[in-house]
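Chain and residue survey
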Amino acid sequence: MNNWKWKLMQFMQGRYGNDELGKAIYWGILILLVLSLFGFRYGSRIALVLLIFYYFRFFSKNHEARRRENQIYLQKSYALRIKLTNWKQSAEYRKTHKVFKCSKCKKKLSVPRGKGKIEVSCPCGNRIIKKT
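All of the points below concern the structure found in this document. (Residues numbered from 1 in each chain as written. Predicted model: local features only at pLDDT ≥ 70, side-chain atom pairs only at ≥ 80, totals over all residues. Heavy atoms only, no water.)

Here we take up the overall build of the protein. Per the secondary structure count, the protein includes five helices and four strands. The C-alpha atoms of the protein give 25 Å as radius of gyration, which overshoots the globular expectation for 132 residues (14 Å, by more than 25%). Counting only C-alpha atoms, the protein reaches 70 × 35 × 35 Å along its principal axes. Expressed as a percentage of the 132 residues in the protein, the buried residues total 20%. Surface accessibility of the protein: about 10,500 Å² in total, with carbon and sulfur atoms responsible for 61%. In the protein, 29 positive and 6 negative side-chain charges are present, and the distance between their average locations comes to 9 Å. (Helix = DSSP H or I, 4+ residues; strand = E, 2+ residues; numbered from the N terminus. Rg over C-alpha atoms; globule rule 2.2 N^0.38 Å. Buried < 20%, exposed > 50% of the residue type's maximum accessible area, 1.4 Å probe, protein only. Areas by Shrake-Rupley, 256 points an atom, 1.4 Å probe, with all protein chains shown as cover. Lys, Arg positive; Asp, Glu negative; His and termini not counted. Charge placed at Lys NZ, Arg CZ, Asp CG, Glu CD.)

In structure tokens:
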């Protein structure tokens, strides 16, 4: 068994491995395979092509080209990743706080949950009574 591990380590030495683009491709493959189970006709074919591309990148020794590909992916997906992060943080925040809008200025206001009926003053001067 140790001999097999040694050979695998020798083979992987100098290979590029996984990065953010590789993770995105991997999740894309999984999603396409699930979609193909539900009737998407070309899902498994596209997943196979992505799998070949994934392994090509994973075992590549051309680090500079793979790094450039990953950098382009990170730049293009930046806005989407920020939106997803903000959505996730907002969902976590809403577990502990009640968020509502002012009826006058439409500004978002938040108060801690579980405080009962409270009066909230908006910066515009409007007073709102809300149940938390």
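Following the structure, the description resumes.
With that out of the way, let us pick up the packing of helix α2 (residues 20-37) against helix α4 (residues 63-76). Taken N-terminus to C-terminus, the directions of α2 and α4 make an angle of 70 degrees; their axes are 8 Å apart at the nearest point. Judged by the inter-axis angle, α2 sits roughly perpendicular to α4. Mapping the contact onto sequence places Glu20, Leu21 and Ala24 in α2 and Glu69, Asn70, Tyr73 and Leu74 in α4. (Axes fitted to C-alpha atoms, helices over the stretch in contact; angles between N-to-C directions. Parallel < 35°, antiparallel > 145°, perpendicular 65-115°, else oblique. Contact = heavy atoms within 4.5 Å.)

Our next topic: the environment of glycine 28. Along the chain, the position of glycine 28 falls in helix α2. Judged by its relative accessible area of 22%, glycine 28 is partly exposed. Separated by 18 residues in the primary sequence, glycine 28 and isoleucine 46 have C-alpha atoms spaced 9.6 Å apart.

A few words now on the environment of serine 36. As for its placement among the helices and strands, serine 36 is situated in helix α2. Here serine 36 falls in the partly exposed class, since its relative accessible area comes to 23%. Through-space distance from the C-alpha of serine 36 to that of tyrosine 54 is 19 Å; in sequence the pair is 18 residues apart. When near neighbours in sequence (up to four residues on either side) are disregarded, serine 36 contacts Gly43 and Ser44.

Summed over the entire model, instances satisfying the criterion amount to seven salt bridges. With a shortest N-O distance of 3.1 Å, arginine 57 and aspartate 19 are connected by a salt bridge. Residue arginine 57 is found in helix α3 (residues 43-59), and its partner aspartate 19 is found in the loop between α1 (2-12) and α2; the two are separated by 38 residues along the sequence. Note on aspartate 19: relative accessible area 8%, which makes it buried. For glutamate 64, the salt bridge is made with arginine 67, and the minimal N-O distance between the two is 2.7 Å. Of this pair, glutamate 64 and arginine 67 both sit in helix α4, three residues apart, roughly one helical turn. (Salt bridge = Lys/Arg side-chain N within 4 Å of Asp/Glu carboxyl O.)

Attention now moves to a nonpolar patch on the surface. On the surface, Tyr26, Trp27, Leu30, Ile31, Leu35, Phe40, Tyr42 and Ile46 cluster together into a nonpolar patch covering about 780 Å² of accessible area. Per-element accounting of the nonpolar patch gives the leading share, five residues, to α2. With respect to the element layout, isoleucine 31 can be found in helix α2. (Patch = residues over 30% accessible without salt bridge, like charges linked within 9 Å, V, L, I, M, F, W, Y side chains within 5 Å.)

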